[in-house]
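Breakdown of the fold
So the chains spell out like this:
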Amino acid sequence: MKIESIEQELIEGTKIILTRVILNQVNSPCVLSRLMIDSLGKPGIDNDLELLGSGSQWELVWTQPRLTIEQTRKLISQAIAPSD
């Protein structure tokens, strides 16, 4: 899996930041889901993560937890290529 892009935007009329990560070369959405749950916590409890995609390109979108772009890049990089 590779990070294609990471973006953040303010949701109009709010103080909420939406984080969007696009990954490509995803071989298994099930593995991706497990890695993200391990990294961000349980959806609906620890975060509001949504995974959208098909084939080898997937988009991850969330507003909580609120992370900087650099924190997001580090977290995703560690999740998709953990060091032993």
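Computed from a prediction, not measured in an experiment: that's the story for all the values here. (Residues numbered from 1 in each chain as written. Predicted model: local features only at pLDDT ≥ 70, side-chain atom pairs only at ≥ 80, totals over all residues. Heavy atoms only, no water.)

Quick notes on the environment of Ile-76
Counting through the fold element by element, Ile-76 comes out in helix α2 (residues 69-80). Considered as a pair, Ile-76 and Leu-35 are 41 residues apart in the sequence and their alpha carbons are 8.9 Å apart. Apart from residues lying up to four places away in sequence, Ile-76 is in contact with Ile-3, Val-21, Leu-23, Met-36 and Trp-62. (Helix = DSSP H or I, 4+ residues; strand = E, 2+ residues; numbered from the N terminus. Contact = heavy atoms within 4.5 Å.)

Describing the sheet that holds strand β2 (residues 17-24)
Across the sheet, four strands lie side by side as β1-β2-β4-β3; this open sheet has antiparallel pairing. Two strands in the sheet have a free side with no partner beyond their single neighbour: β1 (2-10) and β3 (50-54). Strand-to-strand twist of the sheet, defined as the mean angle between neighbouring strand axes without regard to direction, takes the value 15°. Helix-sheet contacts for helix α1 (residues 29-40) involve β2, β3 and β4 (57-62), and the interaxial angle to β4 is about 25°. The sheet strands contacting α2 are β1, β2 and β4, and the helix crosses β1 at an angle near 150°. (Pairing = 2+ DSSP bridges. Axes fitted to C-alpha atoms, helices over the stretch in contact; angles between N-to-C directions.)

Here we look at the pairing of β2
With six of its eight residues buried, β2 lies for the most part within the structure. In the sheet, β1 pairs with β2 via eight bridges, with the strands oriented antiparallel. Within the sheet, the bridge partner assigned to Lys-2 lies in β2 and is Asn-24. The hairpin formed by β1 and β2 contains six residues between the paired strands, and Gly-13 there has a positive phi angle of roughly 80°. Note: β2 against β4, five bridges, orientation antiparallel. Of the residues in β4, the one forming a bridge with Thr-19 is Trp-62. (Buried < 20%, exposed > 50% of the residue type's maximum accessible area, 1.4 Å probe, protein only.)

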